[in-house]
Structures are given as C-alpha cells and as structure tokens.
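# Report on the structure
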Amino acid sequence: MSEPKKLYIKTYGCQMNVYDSERMAEALGGKGYVETQTPEDADMILLNTCHIREKAAEKVYSELGRFKGLKAEKPDLKIGVAGCVAQAEGEEIMRRQPLVDLVVGPQSYHRLPEMEAKTRQGAKALDTDFPEEDKFEHLKSRPKAKRGPTAFLTVQEGCDKFCAFCVVPYTRGAEVSRPVDRVLTEARDLVERGVREITLLGQNVNAYHGAGADGDWSLARLIWALNDIDGLERIRFTTSHPNDMDDDLIAAHGDCPKLMPYLHLPVQSGSNRILKRMNRSHDRDSYLRLIERIRAARPDILISGDFIVGFPEETEEDFRDTLDLVEQVKYGQCYSFKYSTRPGTPAAERPQVDDAEASDRLQRLQALLSRQQRELQDAMVGRTVGVLFEKTGRLDGQLVGKSDHLHAVYVQADASLLGQVAQVKIVESNTNSLGGVLV
Ligand code: SAH
Ligand code: SF4
Ligand code: F3S
C-alpha cells in the first residue's frame, strides 16, 4: 500500500474557519489524505484565510511566497487558498501567485475532492460560487473517529445586516441556516465520538431559522432539542447580534440546564451617533436594556463582546460613550479592534480617524476591559462551578479545563476525569486562569 498523502492546513480568523478546516480535512480524508503539522511533509497545503485584519490579502500573498522553495523541491505539492480572502479575491490569487493550484470559497468545500483531482491532472481549480445545496451534506465524516470533548458545529452562515465596516455579507454571502435534522444528526454523531460540549456557530447564530418538520425553528428551539441528547453536557453558541436575541432565547438562559452561562453579544460602540453610522440597527439603550433582561433570566451570566474604536468620524466624546457603556455592562471577556478599512464596504469611503488617536483609544479601552475581566474572574473565587477537563496541565497530576463561564481552570485531578465535567471549587485567580479543587 502506498503512503497516505499528507495535508497541512493553516487556519486564520474566526471559529467558523476552525470548523471549516476540520470539514475540509474530512472531505480530503475521503481521498486518502491525513493531516500533518509540518508544511515540509505535505502533499497539499491549504491556507484557510480571514479577511478581517488590515492588509489580510497582502499577508496571504507573502505567506504563499514562502512556499516557493518547497514547491521547487516537490513539484507534486499542491497549494490551495480557502476562506474569506479566497472568496474576496477569487481568480486574482492565481494570477498574482502562480504557485497556487486551487482557490476555494467557504461555500464550496464539498467540492474539494473533485478540485483536488483536477489539480492532480495539472489543471488549476477555482470555485468561489454560492451554491444552493448544503455544503455540509457532502462532507461525510470518516468512521466514528474518536474526538476531543469539545466541538464546533456550524448551524448558520452569512449575514444580511451589512454593518458599514464589515466584509462578512460580501465574503460569506446571504444568511443561510442549516435544516434542523442535519444539525441534530451531526450533534448526535459528535456525542457518539466523545464530544461533551457543542458550540453552535454562525456569523449571526441567533438569527438561526433552520427548516424543521413543522416549519422553521428558532435557535432557542434548537437548543432545547440538543438539551435532550444523552451524553451531551454543555451547549454554547456564538456570535449573536443584539437584535436577534428573542424572548425564548433569553428565557433558555434561565431554564435550559445544558445551556452555559456565557454570552458573546458584540455591541461595537457605545455611541448612538457611531452605532447609527455603523448601520448596527440597535442603539446604546436598547443594548443596555437587553443585557438587563438577560441578567434577569440568568444573574451570573458572563457577557463578552466586540468593540471597534476609531470608526470613521468617531470623536473623543463618542469614545467616552463607549467607555461609559463598558462601565455599565461589566464584561467578562472582550475582543477590541482598531477600525481598519475594508475596501468595498461603505465606511471605507468616509473620513478616517487619525491612526495615533485610534491607537490611544484602543489602549484605554483595553485597559478598562482587562480590569473588568480580571475583576469578574477574581469574583469566581469561593464559588463551585462545573469544569470540563480537556487536557493535562504542565504540573504533575494536573488537569486543565473550561468552567461553565469559560474560564480556564487548573485542578489536581486524576487523568480518568479527562473528557468529563466535574464540580470544582475555585480557590485562586491568576493572570489568565483560575485554580480549583475537586469537590
Ligand atoms: N457577526 C458578528 C461579528 C462578525 S466579525 C457581529 O455582528 O458582532 C467579528 C468582529 O470583527 C466584529 O465584531 C468586529 O468587532 C470586528 N471587525 C469586523 N470588521 C472590522 C473592521 N473593518 N475593522 C475592525 N474590526 C472589525
Ligand atoms: Fe458583519 Fe456581524 Fe454586522 Fe453581519 S452583523 S455585517 S457579520 S458585524
Ligand atoms: Fe475572518 Fe471570514 Fe471569519 S473574514 S472572521 S474568517 S468570517
């Protein structure tokens, strides 16, 4: 028997891409590929790219350039670009970097096996369409391979909201939800393979409206159905849009036993003037009221968010509104970014904020956010929480896992607890983690 072919995938960007990379590996697994961690061994290299960062495309081109030597040594090596830069740049990638054999957009991963075959015949393969069929349907997973205790499951993709700064509606296309039975089948399959925690993914996951036998299901209803799967212990979802938090979903945070007390709910800015210019379709007060209702349903819920500072025309006063909103909400974890221009989006055409000013605001915001994050983490000391153990720690006899609130927790515990949830009393809070003891 010949050696299996090796696949090296490098993943950038969001969890959606992490999930997609797993699906691409499965699709090519059907063609005899196994994954490798070193590009030097690979018969195929795939870059699963993200378009969010500044000069994202330029960075992909320079990364690709570095494979020149490898390709010269190994003419059979195939190089592919996937993800959001592939979607945005399409054919241009092959024109600018002739090393590239394959360009595949996020909607077309099920076509990878055919595309790979085409490259093996010496042709280039390009697919950045938005096809109608469910791309996941084609990605039959390999026979019940054992998995780690946590997994992502994409339930929704794309976005119709067109925030003025964002490329997602252009790169990921219109909002699409996967049908309920497909999601539940995939979830049961994951649980059979050892998964105990599933994070439902979508660019606007709470806008989920997948087809069920009796009409469209909401995300809340989907979560309740997942709650009934034996062996599944934890459910999370990300990322949510404030306008799509319906009453049932808020209520589920109080009532659904397996739904974890953590919610990623980006607001982007605390200034009504800027929110309007961002086309966010919610304002500061509606967001604050929403947080209140969520906390009424689940008082200890940990809220996380995303912020953009230095959005075109943002003044110091607008920025102070953001700081003020942060003070009111008290976030447990946040991602904050300096606005960066995405060609083709409405905000790209507007007067930009001075870069040094924007950097200064980002620093001030991050100082506040990390102080809050630390305060909420410290407040866990003395509490008993569930921890799902994921791996062994650096010290002898130590396991590491994530708490219900998604804090990293270190505990002295027997390795037989790996992959299980145990109750842990938190005894100390360190820079980026908690220490606990089994109860
Ligand atoms: N759908 C999610 C977020 C998707 S993009 C939502 O609506 O919140 C992930 C994050 O990247 C965004 O929340 C935003 O904070 C950041 N981001 C997106 N475009 C950006 C840009 N042009 N400049 C800086 N940050 C950006
Ligand atoms: Fe982008 Fe999120 Fe806005 Fe959609 S809702 S356009 S994904 S930031
Ligand atoms: Fe990036 Fe695409 Fe995700 S642009 S954040 S990889 S949807």
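The model shown is predicted, which means the values in this text are computed figures rather than measured ones. (Residues numbered from 1 in each chain as written. Chains lettered and ligands numbered in written order. Predicted model: local features only at pLDDT ≥ 70, side-chain atom pairs only at ≥ 80, totals over all residues. Heavy atoms only, no water.)

## A look at the overall build of the chain
Assigned secondary structure in the chain consists of 14 helices and 21 strands. Scaling as 2.2 N^0.38, a compact globule of 439 residues should have a C-alpha radius of gyration of about 22 Å, and the chain matches this with 22 Å. Seen through its C-alpha atoms, the chain measures out along the principal axes to roughly 60 × 60 × 50 Å. In the chain, 71% of the contacts between residues at least 6 apart in sequence involve partners at least 24 apart. (Helix = DSSP H or I, 4+ residues; strand = E, 2+ residues; numbered from the N terminus. Rg over C-alpha atoms; globule rule 2.2 N^0.38 Å. Contact = heavy atoms within 4.5 Å.)

## Regarding the pairing of strand E18 (residues 398–403)
Counting buried positions over the six residues of E18 gives five, a clear majority of the element. In terms of strand pairing, strand E17 (residues 384–392) meets E18 through five bridges, oriented antiparallel. In the sheet register, Leu388 faces E18, and the bridge partner there is Lys402. In the sheet, E18 pairs with strand E19 (residues 408–412) via five bridges, with the strands oriented antiparallel. Pairing of Lys402 across the sheet is with Ala408, part of E19. The antiparallel hairpin formed by E18 and E19 contains four residues in its connecting segment, where Leu406 sits at a positive phi of about 70°. (Buried < 20%, exposed > 50% of the residue type's maximum accessible area, 1.4 Å probe, protein only. Pairing = 2+ DSSP bridges.)

## Notes on the packing of aromatic side chains
Tallied over the full model, the rule gives four aromatic pairs. On the numbers, 6.3 Å between centres and 85° between planes, the contact of Phe165 with Phe311 is edge-to-face. Taken together, the residues Phe165 in the loop between strand E8 (156–157) and helix H7 (168–171) and Phe311 in the loop between strand E15 (302–309) and helix H13 (316–329) connect sequence positions 146 residues apart. Classification of Phe165 by relative accessible area gives buried; the value is 11%. Owing to a relative accessible area of 0%, Phe311 belongs among the buried residues under this scheme. A ring pair is formed by Phe307 and Tyr331, whose centres lie 5.4 Å apart and whose planes are at 90°; its orientation type is edge-to-face. Within this pair, whereas Phe307 is found in strand E15, its partner Tyr331 is found in the loop between H13 and strand E16 (333–338), the two being separated by 24 residues in sequence. The same class applies to Phe307 and to Tyr331, which are both buried. (Phe/Tyr/Trp six-rings, centres within 6.5 Å; stacked < 30°, edge-to-face > 60°.)

## With respect to the site of ligand 2
Contacts to ligand 2 come from Cys159, Lys161, Phe162, Cys163, Phe165, Cys166, Val168, Pro169, Asn204, His241 and Arg280. Looking at the shell around ligand 2 residue by residue, the classes come out as seven nonpolar, two polar and two charged. (Near = heavy atom within 4 Å. Nonpolar A, V, L, I, M, F, W, Y, C, P; charged D, E, K, R; others polar.)

## Focus on the side chain of Arg284
With respect to the helices and strands, the residue Arg284 is situated in helix H12 (residues 284–297). When its relative accessible area of 12% is taken as the criterion, Arg284 is described as buried. Engagement of the side chain of Arg284 in a polar contact is seen with the backbone oxygen of Gly270, the distance being 2.8 Å. Contact partners of Arg284, with chain neighbours within four places excluded, come to Gly270, Asn272, Leu275, Asp321, Asp324, Leu325 and Gln328. (Polar contact = N/O pair within 3.5 Å; in protein donor to acceptor, adjacent residues only side chain to side chain.)

## Remarks on unusual backbone geometry
Each neighbour pair has its own omega, and for Thr238 with Thr239 the value is 5°, a cis peptide bond. Mapped onto the elements, Thr239 comes out in the loop between strand E13 (234–238) and helix H10 (247–255). With phi around 60°, Ser281 is a residue other than glycine that occupies positive phi space. By the element assignment, Ser281 lies in the loop between helix H11 (272–277) and H12. Despite not being glycine, Leu406 shows a phi value in the positive range, around 70°. With respect to the helices and strands, the residue Leu406 is situated in the loop between E18 and E19.

## Focus on the site of ligand 3
In the neighbourhood of ligand 3, the contacting residues comprise Cys14, Asn17, Thr49, Cys50, His51, Ile52, Cys84, Arg172 and Gln203. Its residues assigned to classes, the shell around ligand 3 shows four nonpolar, four polar and one charged.

## Comments concerning the sheet that holds strand E5 (residues 102–104)
An order of E2-E1-E3-E4-E5-E6 is seen for the six strands of this open sheet, with the pairing classed as parallel. Lying at the two open borders of the sheet, with one neighbouring strand each, are strand E2 (33–35) and strand E6 (125–127). Averaged over all adjacent pairs, the angle separating strand axes in this sheet is 20°, with direction ignored. Direction of pairing for strand E4 (residues 78–82) relative to E5: parallel, over a ladder of three bridges. Bridge pairing in E5 places Val81 opposite Val103. (Axes fitted to C-alpha atoms, helices over the stretch in contact; angles between N-to-C directions.)

## Some words on helix H8 (residues 180–192)
The terminal C-alpha atoms of H8, which comprises 13 residues, lie 18 Å apart, in line with the 18 Å expected from a rise of 1.5 Å per residue. If you check which residues of H8 are buried, you get Val180, Val183, Leu184, Glu186, Ala187, Asp189, Leu190 and Val191. On its buried side, H8 packs onto helix H1 (15–29), strand E7 (150–154), strand E10 (197–201), strand E11 (211–212) and helix H9 (219–227). Positioned one or two residues after H8, Gly194 has a phi angle of 105°, which is positive. (Expected span 1.5 Å × (residues − 1).)

## Observations concerning the domain arrangement of the chain
Domain parsing of the chain yields domain 1 (5–127), domain 2 (146–378) and domain 3 (384–438). Each of domain 1 and domain 3 has a C-alpha centre, and the two are 36 Å apart. (Domains from an automatic or database assignment.)

## Overview of the nonpolar core
Nonpolar side chains in soluble globular proteins tend to be buried together. Within the largest apolar cluster, 54 residues are counted, with the highest numbers of intra-cluster contacts made by Leu200, Leu222 and Tyr331. Counting 20 residues, the second largest nonpolar core, distinct from the first, contains Ala42, Leu64, Leu77 and Val103. (Core = buried A, V, L, I, M, F, W, Y, C linked by side-chain atoms within 4.5 Å.)

## Things to note about the sheet that holds strand E20 (residues 421–429)
Read around the closed barrel, five strands run E17-E18-E19-E21-E20, paired in mixed fashion. In this sheet, adjacent strand axes meet at a mean angle of 50° when their direction is disregarded.

## Description of the environment of Glu92
As for its placement among the helices and strands, Glu92 is situated in helix H5 (residues 92–96). Separated by 238 residues in the primary sequence, Glu92 and Lys330 have C-alpha atoms spaced 44 Å apart.

## A short note on the packing of H9 against H10
It is at 8 Å that the axes of H9 and H10 come closest, and there the two elements cross at 30°. Accordingly, the angle class assigned to the pair H9 and H10 is roughly parallel. In the crossing of H9 with H10, the sense of the turn from one axis to the other is left-handed. On the side of H9, the interface is formed by Leu219, Ala220, Ile223 and Trp224, while H10 contributes Asp248, Leu249, Ala252 and Asp255. (Parallel < 35°, antiparallel > 145°, perpendicular 65-115°, else oblique. Left-handed = near helix turned anticlockwise from the far one by under 90°.)

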